[in-house]
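Residues per chain, in single letters:
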Amino acid sequence: MAILAFDVGGSSVKYAVVQEDGTVEDKGSFKTPSDLEGFYEGLRQTKAKLEKGNAFSGAAFSMPGAVDDARGVIGGSSAIPYIHDFDIKSAMADVLGLPVAMENDANCAALGETWIGIAKDCKDVAFFVIGSGVGGAIVKDGRVHHGAHLHGGEFGYMVGDDGATILSTAGSTENIARLCERLKGLPDHSLDGRKVFALAGEGDAEAAKAVKQMIESLARAIYNIQYSYDPECFVIGGGISAREDFVPAIQEAIDAILERVKVARIRPDVRTAEFGNDANLIGAVRHFLQTK
């Protein structure tokens, strides 16, 4: 039977029919509503549209925030304030008339890539999402490691220097854009990460410096996680990971660390995510199936 999958984000709610082997069908999206009732109505309408010809065994949700599927509550904060701090899982089950499972969005992406994606040959994986910040997830024995406070895999909180600069700042596309603007004396928000990488590729010295800082920050984090968690591989997701030179640049920076740290013999296996946004939908379904 099929599962109705939703990937809930700050600007849009993506949805699809996902088969139990991970096959994604009938994809679509709607603008993220401004209030809870509008959100519920979007779920109702999506189910009504897709249930013709589909028999759903349940609904799987990829959600932002500190998702506690056992309690049905999403803690923390996100760009969608109305989803937090109450039993939203039971409410969504009532709205849809289906069993519901929900998981954090980065955790879903990691599960999707580990299930049938670029890391399908691995059981122990560290997953990075690189964007305006740095998010992540840990998969252990094919399942998400949530941690005591639902912060397992929150690599963005790692401190990278004596000034307590966290990785979510130093390793983000947002940071390199702001840094490059300062170096070049440009107005705030005149650049984005893609533009900085493009300038660096053209030989721009300030852009190259910003990119180098980002890459080295990520490389240090990956090296440290390799020698603490010791995963089989690392998967890098987020829009910037689509650049063909991005993961090779990280690997080159890791190799430079290994050259300096002679005792280290394990070379981290760093891979580019395969599924993009579909990984969240696929991983949400994987989580649903694991909880059955």
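Residues numbered from 1 in each chain as written. Predicted model: local features only at pLDDT ≥ 70, side-chain atom pairs only at ≥ 80, totals over all residues. Heavy atoms only, no water.

1. Considering the environment of P33
- With respect to the secondary-structure elements, P33 resides in the loop between β3 (24-31) and α1 (36-50).
- The exposure class assigned to P33 is buried, which follows from its relative accessible area of 17%.
- In this structure, the C-alpha to C-alpha distance between P33 and S12, residues 21 residues apart in sequence, is 8.2 Å.
- Not counting residues up to four positions away in its chain, the partners in contact with P33 are G38, F39 and Y82. (Helix = DSSP H or I, 4+ residues; strand = E, 2+ residues; numbered from the N terminus. Buried < 20%, exposed > 50% of the residue type's maximum accessible area, 1.4 Å probe, protein only. Contact = heavy atoms within 4.5 Å.)

2. Brief notes about the sheet that holds strand β4 (residues 56-63)
- With mixed pairing, 5 strands are arranged side by side in an open sheet as β3-β2-β1-β4-β7. Two strands close off the open sheet at either side, each with one partner strand: β3 and β7 (100-104). Averaged over all pairs of adjacent strands, the angle between their axes in this sheet comes to 20°, without regard to strand direction.
- Of the pairings in the sheet, the one linking strand β1 (residues 2-8) to β4 comprises 6 bridges and is parallel in character. Its bridge partner being in β4, L4 is matched across the sheet by A59.
- The strands touched by α1 within the sheet are β1, β2 (12-18), β3 and β4, with β1 carrying the most contacts at an inclination of about 145°.
- Across the sheet, helix α2 (residues 88-96) touches β1, β4 and β7, and the angle it forms with β7 is around 135°. (Pairing = 2+ DSSP bridges. Axes fitted to C-alpha atoms, helices over the stretch in contact; angles between N-to-C directions.)

3. With respect to the pattern of salt bridges
- In this structure the tally under the stated criterion is 18 salt bridges.
- Put simply, E216 and K212 hold a salt bridge, and the shortest N to O gap is 2.6 Å. Residue E216 and its partner K212 are both found in helix α7 (residues 205-226); the two are separated by 4 residues, about one turn of the helix.
- Looking at E216, the relative accessible area reads 31%, which means it is partly exposed.
- Taking the shortest distance from any N to any O, the salt bridge between D255 and R267 comes out at 2.8 Å. Separated by 12 residues along the polypeptide, D255 in helix α8 (residues 246-260) and R267 in the loop between α8 and β12 (270-272) bring together distant segments of the chain.
- Each of E37, E41 and R44 takes part in salt bridges that share partners, so that together they form one network. (Salt bridge = Lys/Arg side-chain N within 4 Å of Asp/Glu carboxyl O.)

4. Looking at the sheet that holds strand β11 (residues 233-237)
- A sheet is described by the order of its strands in space; here 5 strands give the open sequence β10-β9-β8-β11-β12, paired in mixed fashion. Every interior strand has two partners, whereas the edge strands, β10 (143-144) and β12, have only one.
- Both strand β8 (residues 125-130) and strand β9 (residues 134-140) contribute to a ladder of 6 bridges, which runs antiparallel. Across the sheet, residue F127 finds its bridge partner in β9, namely A137.
- Across the sheet, helix α3 (residues 105-116) is in contact with β8, β9, β10 and β11; its angle to β9 comes to roughly 50°.

5. A look at the pairing of β4
- Burial analysis of β4 places 8 of its 8 residues in the buried class, which makes it a mostly covered element.
- As paired elements, β4 and β7 share 5 bridges and run parallel to each other. What sits directly across from A60, in β7, is A101.

6. So, the nonpolar core
- Judged by nonpolar contacts, the single largest core of 39 residues is most densely connected at F128, I130, V196, L218, I222, I236 and F246.
- For this core, the secondary structure elements donating two or more residues are β8, β9, α5 (173-184), α6 (193-201), α7, β11 and α8.
- Contacts of F128, omitting those with residues within four sequence positions, involve V134, G135, G136, F155, L167, A221, I222, I225, F234, V235, I236 and G237.
- Among the nonpolar cores identified, the runner-up in size contains 29 residues, and V13, Y40, L50 and V95 belong to it. (Core = buried A, V, L, I, M, F, W, Y, C linked by side-chain atoms within 4.5 Å.)

7. Description of the packing of aromatic side chains
- Inspection of every chain in the model, using the stated rule, returns 8 aromatic pairs.
- Aromatic side chains F6 and F61 sit 4.9 Å apart centroid to centroid with 15° between the ring planes, which places their arrangement in the stacked category. Taken together, the residues F6 in strand β1 and F61 in strand β4 connect sequence positions 55 residues apart. An identical accessibility class is assigned to F6 and F61; each is buried.
- Three or more aromatic residues joined by ring pairs form one cluster here, namely F39, Y40 and Y82. (Phe/Tyr/Trp six-rings, centres within 6.5 Å; stacked < 30°, edge-to-face > 60°.)

8. Some remarks on the side chain of Q226
- Within the fold, Q226 resides in helix α7.
- If we skip the residues at most four places from it in the chain, Q226 touches P231, F234, I266, P268 and D269.

9. Description of the confidence of the model for the chain
- Across the chain, the average pLDDT comes to 95, with 100% of residues at 70 or higher.
- By mean pLDDT, helix α4 (residues 167-170) is the weakest element of the chain at 91, and α2 is the strongest at 98. (pLDDT = per-residue confidence, 0-100.)

10. Quick notes on the packing of α3 against helix α9 (residues 278-291)
- Between α3 and α9, whose axes approach to 6 Å, the crossing angle comes to 85°. Here α3 lies roughly perpendicular to α9, going by the angle between them. Where α3 approaches α9, its residues D105, C108, A109, L111, G112, E113, W115 and I116 are matched on the opposing element by A279, N280, I282, G283, A284, V285, R286, H287, L289 and Q290.
- Split into classes, the residues belonging to the contact of α3 with α9 amount to 10 nonpolar, 5 polar and 3 charged. (Parallel < 35°, antiparallel > 145°, perpendicular 65-115°, else oblique. Nonpolar A, V, L, I, M, F, W, Y, C, P; charged D, E, K, R; others polar.)

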